[in-house]
Amino acid sequence: MLSRDVLADPVALTRALVDIESVSGNEADIADQVQHALSGTALKVERFGHTIVARTELGRPERVVLAGHLDTVPHNDNWPSRTEGNLLHGCGTSDMKSGTAIALHLAVTEPEPRHDVTYVFYECEEVDSARNGLKILADGRPALLTDASFALLLEPTHGLVEAGCQGTLRVLARTMGRRAHSARSWLGDNAIHKAAPILQRLLGYEARTVIIDGCEFREGLNAVRVSGGVAGNVIPDECVVEVNFRFAPDRSEEQAAAHVRDVLAGFELEVVDSAPAALPGLDAPPAREFLAAIGRPPRAKLGWTDVARFAELGIPGLNYGPGDPNLAHKQDEHVEIDKIVEGADVVRRWLTTGP
Ligand SMILES: [Zn+2]
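Anyway, here's the lowdown on the structure attached to this text. (Residues numbered from 1 in each chain as written. Predicted model: local features only at pLDDT ≥ 70, side-chain atom pairs only at ≥ 80, totals over all residues. Heavy atoms only, no water.)

### Side note on the coordination of the zinc ion
At this site the zinc ion is bound by H69 (NE2), D95 (OD), E155 (OE) and E155 (OE), with donor distances of 1.8 to 2.7 Å. One can describe the site at the zinc ion as irregular: its 4 donor atoms subtend angles covering 51 to 147° at the metal. Sequence positions of the donors to the zinc ion reduce to the motif H-x25-D-x59-E. With H69 in strand β3 (residues 63-69) and D95 in helix α4 (residues 93-109), this pair connects stretches of sequence that are 26 residues apart. (Donors = N, O, S within 2.8 Å, 3.2 Å for Na, K, Ca; no water. Tetrahedral: all angles 85-135°; square planar, octahedral: opposite > 155°, others 65-115°. Helix = DSSP H or I, 4+ residues; strand = E, 2+ residues; numbered from the N terminus.)

Now the structure itself:
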């Protein structure tokens, strides 16, 4: 179990959490240890599967959420952790046990925050959204989250504030033809050739850049997969181009889908996956205070994160964590130790002294 000394030191705690194996689906052990660490505090602790929610009940006028996932992607010869100077290496160091460690460290060591705090440590972020612990909590017990006016998600941002997030939409564009022997191709109708105009339109597409609350969101509409073909001597009767649209938070999912339908008008389209974007939400007072504590301007989050789930619940949120997002899921994943120390200081200052 995590000792008092380890819980009191966010760097040692990061290392300890990394060294508890918790590839998605295998979070029982780490959840047990987090729950045990929290059970010695005044927090009200509840568990749902391998997701732990711990709430202060101090009667403060505002409540904020601090959230981190407990799982990692599969190891890649990069576990357990090792240190090298200022770097802590290993699977999960950046994404996102360093951030989760900051939240757990504060949950255990900060009994008097000036806002009430809901700490969420959740399972299965790195896999299908249906298994995501935060989604399951938001669907099943939303009241545990919706009394908060702001959420801080400690995903890797390299110590900057990343606001909101882009949405993502995947669409299949299908062309149909007629099979024939390729020696008598005039008897058939080549579905792969008919997909050329789809690629042409994507090639000529000019993606928008949108500035929202000072953050630059850069969209992208791209073919990410093409499938078709029967055999080396057969004219293909079907071709599918999979298209991914990453869209800025001034579009809803419906508007994003309508835009793709416009661009690819005339083709048979099927939306297979969609997740909404989240507005930066920098107007909420706790968000403004957090930005003041960081003292650096925010930038747009270009990936999709669970901040969007908070946005769906009406809770504005920011991403802030010590890890480098460019190292997430990579074999040489690591985190800078001084960034963990700085992150823990900044979040504690925000939670205790205010602007
Ligand atoms: Zn993550």
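Once the structure has been displayed, the description carries forward.
### Some words on the nonpolar core
Side chains of nonpolar character tend, in soluble globular proteins, to be buried together. The biggest cluster of nonpolar side chains holds 57 residues, and the ones touching the most others in it are L66, Y119, L152, F290, V347 and W350. Each residue touching F290, except ones within four places of it in the same chain, is listed here: L152, V161, L318, Y320, V346, V347 and W350. In terms of nonpolar packing, the next biggest core, distinct from the first, is built from 21 residues, L202, C239, A257 and L264 among them. (Core = buried A, V, L, I, M, F, W, Y, C linked by side-chain atoms within 4.5 Å. Buried < 20%, exposed > 50% of the residue type's maximum accessible area, 1.4 Å probe, protein only. Contact = heavy atoms within 4.5 Å.)

### Describing the layout of surface pockets
Taken as a whole, the largest pocket encloses approximately 940 Å³ of empty space. In terms of lining, the largest pocket is formed by 36 residues, of which the most central are E125, W304, T305, D306 and R309. Roughly 170 Å³ of internal volume is contained in the second largest pocket. In terms of lining residues, the second largest pocket is bounded by R4, L7, A8, A37, G40, T41, V108 and T109. (1 Å grid on protein atoms, 1.4 Å probe; cavity = no way out; pocket = protein on both sides within 12 Å on 5 of 7 lines; lining within 4 Å. Points joined across faces, edges and corners; volume = space filled by probe spheres on them.)

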